[in-house]
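Working through the structure, step by step
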Amino acid sequence: MAKMWAGRTAGDVNELADSFNSSISFDSRLYKQDITGSMAHAAMLSAQGIISSDDADSIISALKQILQDIESGNLQIDPKAEDIHMFVEQVLTERIGDTGKKLHTARSRNDQVALDLRLYLRDYADEVSSLLKDLVKALKTQAEKNIDVIMPGYTHLQHAQPVLFSHYMLAYAMMFLRDIERIKDCRKRINVSPIGCCALAGTTYDTDRALEAKKLGFDSVCLNSLDGVSDRDFCVELLSSLSLVMTHLSRLSEELILWSSQEFSFIELSDDFTTGSSIMPQKKNPDMAELCRGKTGRVYGDLMGLLTTLKGLPLAYNKDMQEDKEGVFDACDTVKMCLSVCAPMILSMKINKENMLESAKKGFMNATDLADYLVIKGLPFRDAYKISGSVVAYCIQTGHILEDLPLSEYKKFSTLISDDVYQAIDLANCVQKRSSEGGTSTESVKKQLAFLEDAL
Ligand code: ARG
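Everything quoted here is computed from the prediction, not taken from an experiment. (Residues numbered from 1 in each chain as written. Predicted model: local features only at pLDDT ≥ 70, side-chain atom pairs only at ≥ 80, totals over all residues. Heavy atoms only, no water.)

For the protein chain, the helix and strand inventory stands at 19 helices and six strands. For the protein chain, the C-alpha radius of gyration of 31 Å lies well beyond 23 Å, the compact-globule estimate for 456 residues. When the backbone C-alpha atoms are referred to their principal axes, the protein chain occupies close to 100 × 50 × 40 Å. For the protein chain, buried positions account for 49% of its 456 residues. Relative to all contacts within the protein chain whose residues are 6 or more apart in sequence, the contacts with residues 24 or more apart total 76%. As displayed, the protein chain has an accessible area near 21,800 Å², and 53% of this comes from carbon and sulfur atoms. Here the protein chain holds 50 positive side-chain charges and 65 negative ones, and the gap between their average locations is 3 Å. (Helix = DSSP H or I, 4+ residues; strand = E, 2+ residues; numbered from the N terminus. Rg over C-alpha atoms; globule rule 2.2 N^0.38 Å. Buried < 20%, exposed > 50% of the residue type's maximum accessible area, 1.4 Å probe, protein only. Contact = heavy atoms within 4.5 Å. Areas by Shrake-Rupley, 256 points an atom, 1.4 Å probe, with all protein chains shown as cover. Lys, Arg positive; Asp, Glu negative; His and termini not counted. Charge placed at Lys NZ, Arg CZ, Asp CG, Glu CD.)

Right, here's the structure in full:
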């Protein structure tokens, strides 16, 4: 078929080059945005007297019909078309003849594709924010249900100090809340209209870009046409935000994988979100969490790919930019899928309180509290730290834990130690005493829960 852009050339491209050039296989998903944008464009052209209102009406109603036909399956998107923009215009012209040819007045595919992508990503930003909210809610629910469960807190993956499981869950909730904020912020820069920048230099027609932008729900229009058609910062920003979402998901997944191992046995993922092995009948594998961890690499790759594509591109539009979409869509789809799986996986996991507590009793996680106890009795912290360390070393040698070391033995390390030491090193007390702002006490966790409730 002769190309709509046949002009200087006859438009019959080598078959291989034609398929190399085509983006329909991945930009067909923009059909709705493309048609919506075109309807607004036709309305603007007519409001400005650039085309007649009759022409605009017939273009708009034909576009409506095309949209309906695509959605109902009555119109198949032609896999041989060059891209979605050309496909829609082609069908329009087939259906209403010469009038259809007026639609592309005062625009170019360069501003059109930027418009479509922005419309698509604006919706996506809202969708992914709502999925992130679901995940935050799942973490919050687990925190509420298990508010007083004590578990080991780690640094260097070594037992450090006891914390509440609820505090742990809310640490992740805070990360995902920041992700929501980041995406919300990025959405502001997505929601700027490029349409009317045309090929690169603006247009000789008396267009009303603000009107067209308003019809499409944009907050403003981009003010430099060269920038308008070549800017993909909003894609980079979104992909970096999504990369960070994946970083958070991956860290969470890693914990879930560790926690469901035989060695930890802190949680059990529900059957719905685990798989078995084809050979080992006893297996229950955390595949979904592993996949989230694994897919993180590909989202980073999408971001790196886009940055690399953009690097070194002269202004304005270059065909290289067609390469933006596959990575962007891949990242969008991947993050959506991971979030959709993670929220119910978190919500349905079982917590083994006893195992968490048993584990927290090991590793002398109350050694800091013994030192703090001696500080209260009047010792400088460094001296108290030394004594506590010596007690720990003695306990390791003699097979004790701090809780069961007799008072007479404690006295050998410091005469300041009396019967109230057992209170001070009791794990539940250790947790509850950390009532500083943002600490792990129940009181602090409740404040965090209230904050999240508000933020959601
Ligand atoms: N399919 C192209 C893309 O995705 C649309 C823009 C093409 N513009 C052009 N002048 N060839 O970027």
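Ala-316 follows Leu-315 through a cis peptide bond whose omega is 0°. One can find Ala-316 in the loop between helix H11 (287-310) and helix H12 (324-348). One non-glycine residue, Ala-106, adopts positive backbone phi at about 60°. By secondary structure assignment, the location of Ala-106 is in the loop between helix H5 (84-96) and helix H6 (109-145). On the accessibility criterion, Ala-106 (7% relative accessible area) is buried. The phi angle at Leu-157 is positive, at roughly 60°, despite the residue not being glycine. Assignment of secondary structure puts Leu-157 in the loop between strand E1 (150-155) and strand E2 (158-164).

So, about the pattern of salt bridges. A full pass over the atoms with the stated rule returns 27 salt bridges. In this structure, Arg-118 and Asp-231 form a salt bridge, with 2.9 Å as the shortest nitrogen-oxygen distance. In this pair, Arg-118 sits in helix H6 while Asp-231 sits in the loop between helix H9 (225-230) and helix H10 (233-259), placing the two residues 113 residues apart along the sequence. Judged by its relative accessible area of 2%, Arg-118 is buried. Beyond isolated ion pairs, a larger network of salt bridges with shared partners links Asp-185, Lys-188, Arg-189 and Glu-237. (Salt bridge = Lys/Arg side-chain N within 4 Å of Asp/Glu carboxyl O.)

Here the focus is the site of the ligand. Inspection of the region around the ligand gives Ser-23, Asp-27, Asp-83, His-85, Arg-109, Asn-110, Val-113, Tyr-317, Gln-322 and Lys-325 as its neighbouring residues. For the ligand, a nitrogen atom lies 3.1 Å from a polar atom in the side chain of Ser-23. A distance of 2.9 Å is found between a nitrogen atom of the ligand and a side-chain nitrogen or oxygen belonging to Asp-83. Relative to its unbound accessible area of 340 Å², the ligand is 86% covered by the protein chains. (Near = heavy atom within 4 Å. Polar contact = N/O pair within 3.5 Å; in protein donor to acceptor, adjacent residues only side chain to side chain.)

What follows deals with the side chain of His-248. Along the polypeptide, His-248 turns up in helix H10. Given the relative accessible area of 7%, His-248 is considered buried. Residue contacts for His-248: discarding those within four places in its chain leaves Tyr-172, Met-175, Phe-176, Asp-179 and Arg-182.

Moving on to the layout of surface pockets. Counted as a void, the largest pocket has a volume near 460 Å³. As for the largest pocket, its lining consists of 19 residues, and the residues nearest its centre are Lys-3, Asp-78, Lys-80, Ala-81 and Glu-82. At the level of secondary structure, the elements contributing two or more residues to the lining of the largest pocket comprise helix H1 (15-21) and H5. A total of five residues in the lining of the largest pocket trace back to one element, the largest contributor, which is H5. In this structure, the second largest pocket occupies an estimated 350 Å³ of space. Lining of the second largest pocket is provided by 14 residues; of these, Ser-260, Ser-261, Gln-262, Lys-284 and Asn-285 occupy positions nearest its centre. (1 Å grid on protein atoms, 1.4 Å probe; cavity = no way out; pocket = protein on both sides within 12 Å on 5 of 7 lines; lining within 4 Å. Points joined across faces, edges and corners; volume = space filled by probe spheres on them.)

What follows concerns empty space enclosed by the protein. Under the criterion given, the structure shown has one cavity of 30 Å³ or more. Its boundaries defined by the atoms lining it, the largest cavity holds a volume of some 30 Å³. Its residues assigned to classes, the lining of the largest cavity comprises six nonpolar, one polar and two charged. (Nonpolar A, V, L, I, M, F, W, Y, C, P; charged D, E, K, R; others polar.)

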